[in-house]
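# Close look at the chain arrangement
Here are the chains, one letter per residue:
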Amino acid sequence: MQLLFIHSDYIEYEAKEKTRVAEPISESKERIEEVLVVFIAVEREDEQDARYVVEKASEETISVFNKVGAERIVLYPYAHLSAELASPERSIEILSSMEENLRSRGVEVKRAPFGWYKSFTLRCKGHPLSELSRKIQGREGAGAGEVGVEKLSKALEAEEKAESHFFFLDTGNKGGLIKPEDFEFDGRENLQKFFIYESEKRRAVDKVPPHVELMKRLEIADYEPSSDPGNLRFYPKGKLIKALLEDYVRNSVAEYGAVEVETPIMYSVEHPSLKDYLERFPARQYSMAGKGGKPDLFLRFSACFGQFLMSKDMSISYKNLPLKMFELAPSFRKEKRGELVGLRRLRKFTMPDMHTLCRDMKEALVEFKKQYELCMRVLEGIGFSPRDYEVALRFTREFYDGEANKEFIEELVRIAGKPVLIERWDQRFFYFVLKFEFNFVDALEKASALSTVQIDVENAERYGIKYVDANGEEKYPIILHCSPSGAIERCMYALLERAYLDMEGGFLPQLPLWLSPTQLRMIPVAERHLEYIEELLPVLTGIRVDVDDREETVSKKIRDAGREWIPYVAVVGDKEVEKRTLSVRIRERNLSLEKKALPMDVRELKEQIEEAIKSKPFRELPFSYKLSERARFVGG
RNA sequence: GCCGCUGUGGCUUAGAGGUAGAGCGGCUGACUCGUAAUCAGCAGGUCGUGGGUUCAAAUCCCACCGGCGGCUCCA
């Protein structure tokens, strides 16, 4: 049960309109003075142990009532305090028994009608105790009788109060932070969109994001109605792209010096170090009940716990630092229903998650910069140019006030090579003092983070992660959290949205060559040309080649290849067989109008493709190279 | 989670109280085909699910489920 207490001069409310769970009422309008208003959400778990919860909640209410010296109490049902409400019938029952319980203690109590849309005004007294919130929990199992009132977590309260301010910082800009009203956006439309999105957090959009249609049509991914929303299915092409991106990120961080590990995807809710995190986002976990007295489990929302718990048990010398640990972590966040969209925001996603233990802030900053550059390289390698993303640097006021740190921030802006958005928090409300993200702005002008690095000054201590320094003393390291690419699915979203933006701009949409499921399609004019194609295939190893051997016209096959965004399409007819060449169409970004096919030698074509995809991971075609043997995964 | 919109064969959709219609895709056949949709035929639908109103419901009402958008949020 969630309770919000407001000690008020008065409350006025009026029942306006019934909802379908409305209880019958006699009075629709009330005004009550010198009152402790208790906003209440009865939660599902309360149904299990209703009497206990009513007793505890009443005790707590009386205690607050006495402390603030109110004259009467109003119980005001307020569903919005919880995401896990009890049934309306039980809620009314529980609220009524709470009303009676309080009345039996000799207090004047009024209960606002349940299940009505109500208007209300109240005046909060504003003294230190005038606003309080409490959560009442039922007893866990049979034995544990003493779980009672808990305060909301400190972090959550702090965050509500935390204020932040936006600025800009340009490359040559020694003068410090520029206020948004003094910043000239000219030519920086994307940054402007990003800023508007960040500062207003709202967009008037009534369209489905373009990538959703594309992910289906290109047989990449799709919704799975039989799972929880936000858990997608990936078709062979999507799975291939995903696996290639994963390979690429894995290789990149290995090159940077991280070791790959794997940690469990579920953890006990009882673990003391995890509790703070959990309390902060109670409704956002996938959790399951532990049977037979075992503790409940939740699915991880990142690889942090696993790697922290692993680090805690390691013996680490200062000589091992900076120590980098990496995991391609399937992660779960039960995001609110309305937040889920296509590949942009999921409940199950793959997060490349690297943590770096650093001996001190100095070393942390050195690594932070390296990782900043690593992230730029990774995005570049995937196929994003710096024009495709906007940089945000976020830090606490305290961090920025150090003169050396100011220079550090300016250096980061120079590396970005363009103005960046700054967010400065008045106080630290979470575990980091500095973070950056590279944000993609999509076709509907929504921004979402790709790469990010954060400097964590809190979790080493919380988890008991220590290293031994040169003097033999135990120290807490500073921890860097880094996702070099951001969630893999989100990269796919950004690639699709970018392709859509290209299309809007008059270009042919395309995926990067190394990620294209089919890189080269061979089209025989007639059946008799298949033999020649079969001869060529062994030459083209290391490239994903397929053959459109269906009984269709050449025009149809060309069109279908175009709809699949295939980068190289080679037609083979009598002429080619005779001259031992290929007639190749190249889908370049600027070829939307010209549709020329040029004669090319097979080896020449192979070299050209190999040159373009060298240094990138390669995987074979995930299905038959013959189109006639391939099933369709999505309709038409 | 709340509010609004939405759900018709595998896909895209027409129909807005009175016998479910089309295109794509699939299958069969013909054409062996030269750069963005060859022609003909066939199969495929308890109109998201469950209730209700009605002589009659894809169509109106309610609930639930999925999708989209907004609010909110993004460790």
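Residues numbered from 1 in each chain as written. Chains lettered and ligands numbered in written order. Predicted model: local features only at pLDDT ≥ 70, side-chain atom pairs only at ≥ 80, totals over all residues. Heavy atoms only, no water.

This part is about the overall build of chain A. Secondary structure summary: chain A contains 17 helices and 28 strands in total. Summarising its shape, the C-alpha atoms of chain A cover approximately 105 × 65 × 55 Å along the three principal directions. Across chain A, the fraction of contacts at a sequence separation of at least 24, relative to all contacts at a separation of at least 6, is 76%. When the accessible surface of chain A is split by element, carbon and sulfur atoms take 47% of a total near 30600 Å². Each charge sign in chain A was given a centre, from 100 positive and 111 negative side chains, and these centres are 1 Å apart. (Helix = DSSP H or I, 4+ residues; strand = E, 2+ residues; numbered from the N terminus. Contact = heavy atoms within 4.5 Å. Areas by Shrake-Rupley, 256 points an atom, 1.4 Å probe, with all protein chains shown as cover. Lys, Arg positive; Asp, Glu negative; His and termini not counted. Charge placed at Lys NZ, Arg CZ, Asp CG, Glu CD.)

Ordered in space as β12-β14-β13, the 3 strands form an open sheet in which the pairing is antiparallel. Lying at the two open borders of the sheet, with one neighbouring strand each, are β12 (266–268) and β13 (287–288). (Pairing = 2+ DSSP bridges.)

Domains assigned within chain A are domain 1 (2–139), domain 2 (180–263 + 300–498) and domain 3 (513–629). Distance between the C-alpha centres of domain 2 and domain 3: 37 Å. Residue-level contacts link 17 residues of domain 2 with 14 residues of domain 3. Of the roughly 1500 Å² buried between domain 2 and domain 3 on both sides combined, carbon and sulfur atoms contribute 71%. (Domains from an automatic or database assignment. Buried area = accessible area lost by both parts, 1.4 Å probe.)

Moving on, we get to the pairing of strand β16 (residues 348–358). Counting buried residues in β16 gives 10 out of 11 residues, a clear majority hidden from the surface. As paired strands, strand β15 (residues 323–332) and β16 are joined by 10 bridges and run antiparallel to one another. Looking at β16, one finds that Ser331 is bridged to Phe349. The pairing of β16 with strand β23 (residues 478–483) spans 5 bridges and is antiparallel. Within β23, the residue paired with Leu357 across the bridge is Ile479. (Buried < 20%, exposed > 50% of the residue type's maximum accessible area, 1.4 Å probe, protein only.)

The next subject is helix α6 (residues 236–256). The end-to-end C-alpha distance of α6 is 30 Å, a good match for the 30 Å that 21 residues give at a rise of 1.5 Å each. With 15 of 21 residues buried, α6 lies mostly within the body of the structure. Gly257 sits one or two positions beyond α6 and adopts a positive phi of about 115 degrees. (Expected span 1.5 Å × (residues − 1).)

What follows concerns the sheet that holds strand β25 (residues 545–547). Across the sheet, 5 strands lie side by side as β25-β24-β26-β27-β28; this open sheet has mixed pairing. Edge strands, defined here as strands with exactly one partner in the open sheet, are β25 and β28 (597–600). Along the sheet, successive strands turn relative to each other by an average axial angle of 30 degrees, direction set aside. Relative to strand β26 (residues 568–572), strand β24 (residues 520–524) runs parallel, the two sharing 5 bridges. Counterpart to Pro524 in the pairing with β26 is Val572. The strands touched by helix α15 (residues 554–563) are β24, β26 and β27 (582–586); relative to β24, the strand with the most contacts, the crossing angle is about 170 degrees. (Axes fitted to C-alpha atoms, helices over the stretch in contact; angles between N-to-C directions.)

This part takes up the packing of α6 against helix α9 (residues 361–382). Here α6 crosses α9 at 150 degrees, and the two axes come no closer than 11 Å. The orientation of α6 relative to α9 falls into the category roughly antiparallel. Considering the relative orientation of α6 and α9, their crossing is right-handed. In this structure, α6 contributes Leu245, Tyr248, Val249, Ser252, Val253 and Tyr256 to the contact, and α9 contributes Glu367, Lys370, Gln371, Leu374, Arg377, Val378, Gly381 and Ile382. Looking at side-chain class alone, the contact of α6 with α9 contains 8 nonpolar, 3 polar and 3 charged residues. (Parallel < 35°, antiparallel > 145°, perpendicular 65-115°, else oblique. Left-handed = near helix turned anticlockwise from the far one by under 90°. Nonpolar A, V, L, I, M, F, W, Y, C, P; charged D, E, K, R; others polar.)

Our focus in this paragraph is a nonpolar patch on the surface. A grouping of Ile265, Met266 and Met288 is seen on the molecular surface, where their side chains present a nonpolar patch of about 220 Å² in accessible area. The residue Met288 is located in strand β13 in this model. (Patch = residues over 30% accessible without salt bridge, like charges linked within 9 Å, V, L, I, M, F, W, Y side chains within 5 Å. Salt bridge = Lys/Arg side-chain N within 4 Å of Asp/Glu carboxyl O.)

The omega angle of the peptide bond from Leu321 to Pro322 is -5 degrees, so this bond is cis rather than trans. By the secondary structure assignment, Pro322 is in the loop between α8 (304–312) and β15. With a phi angle near 45 degrees, Glu34 is a residue other than glycine that sits in the positive phi range. Looking at the element boundaries, Glu34 is found in strand β2 (residues 29–41). Phi is positive for Ser615, which is not a glycine, with a value near 70 degrees. Among the secondary structure elements, Ser615 is positioned in the segment after α17 (602–613).

So, on to α15. Among the residues of α15, those classed as buried are Lys557, Ile558, Asp560 and Ala561. In an axial view of α15, the angular spread of the buried residues amounts to 165 degrees, which keeps them on one side of the axis. Residues of α15 that are exposed and point more than 90 degrees away from the buried face comprise Ser555 and Arg559. Of the surrounding elements, those touching the buried residues of α15 are β24, β26 and β27. Directly beyond the C-terminal end of α15, a positive phi value near 60 degrees is found at Trp565. (Arc of directions from axis to C-beta.)

Below, the discussion takes up empty space enclosed by the protein. The rolling of a water-molecule-sized probe over the atoms marks out the regions of remaining empty space. One pass over the structure, following the stated rule, counts 3 cavities of 30 Å³ or more. As a volume, the largest cavity reaches approximately 110 Å³. Looking at the largest cavity, the residues that line it are Leu218, Ile220, Lys237, Ile241, Leu511, Ser516, Pro517, Thr518, Glu564, Trp565 and Ile566. For the lining of the largest cavity, the per-class residue count stands at 7 nonpolar, 2 polar and 2 charged. Counting contributing residues per domain, the lining of the largest cavity is built from domain 2 (180–263 + 300–498) and domain 3 (513–629), each supplying no fewer than three. (1 Å grid on protein atoms, 1.4 Å probe; cavity = no way out; pocket = protein on both sides within 12 Å on 5 of 7 lines; lining within 4 Å. Points joined across faces, edges and corners; volume = space filled by probe spheres on them.)

The next thing to look at is the packing of aromatic side chains. Tallying each qualifying case throughout the model produces 34 aromatic pairs. Summarising the aromatic geometry, the rings of Tyr76 and Phe120 are spaced 5.3 Å apart at their centres and angled 65 degrees between planes, so their arrangement reads as edge-to-face. Of this pair, Tyr76 sits in strand β3 (residues 72–77) while Phe120 sits in strand β5 (residues 116–124), and the two are 44 residues apart along the sequence. The exposure class of Tyr76 is buried, given its relative accessible area of 2%. Owing to a relative accessible area of 34%, Phe120 belongs among the partly exposed residues under this scheme. Taken together through their ring pairs, the aromatic side chains of Phe368, Tyr372, Tyr389, Phe408, Phe436 and Phe438 make up a single cluster. Note that Lys118 overlies the ring of Tyr76, its terminal NZ or CZ placed 5.1 Å from the centroid. Here the guanidinium or amino end of Lys242 rests over the ring plane of Phe234, the centre of that ring lying 4.8 Å away. (Phe/Tyr/Trp six-rings, centres within 6.5 Å; stacked < 30°, edge-to-face > 60°. Lys NZ or Arg CZ within 6 Å of the ring centre and 35° of its normal.)

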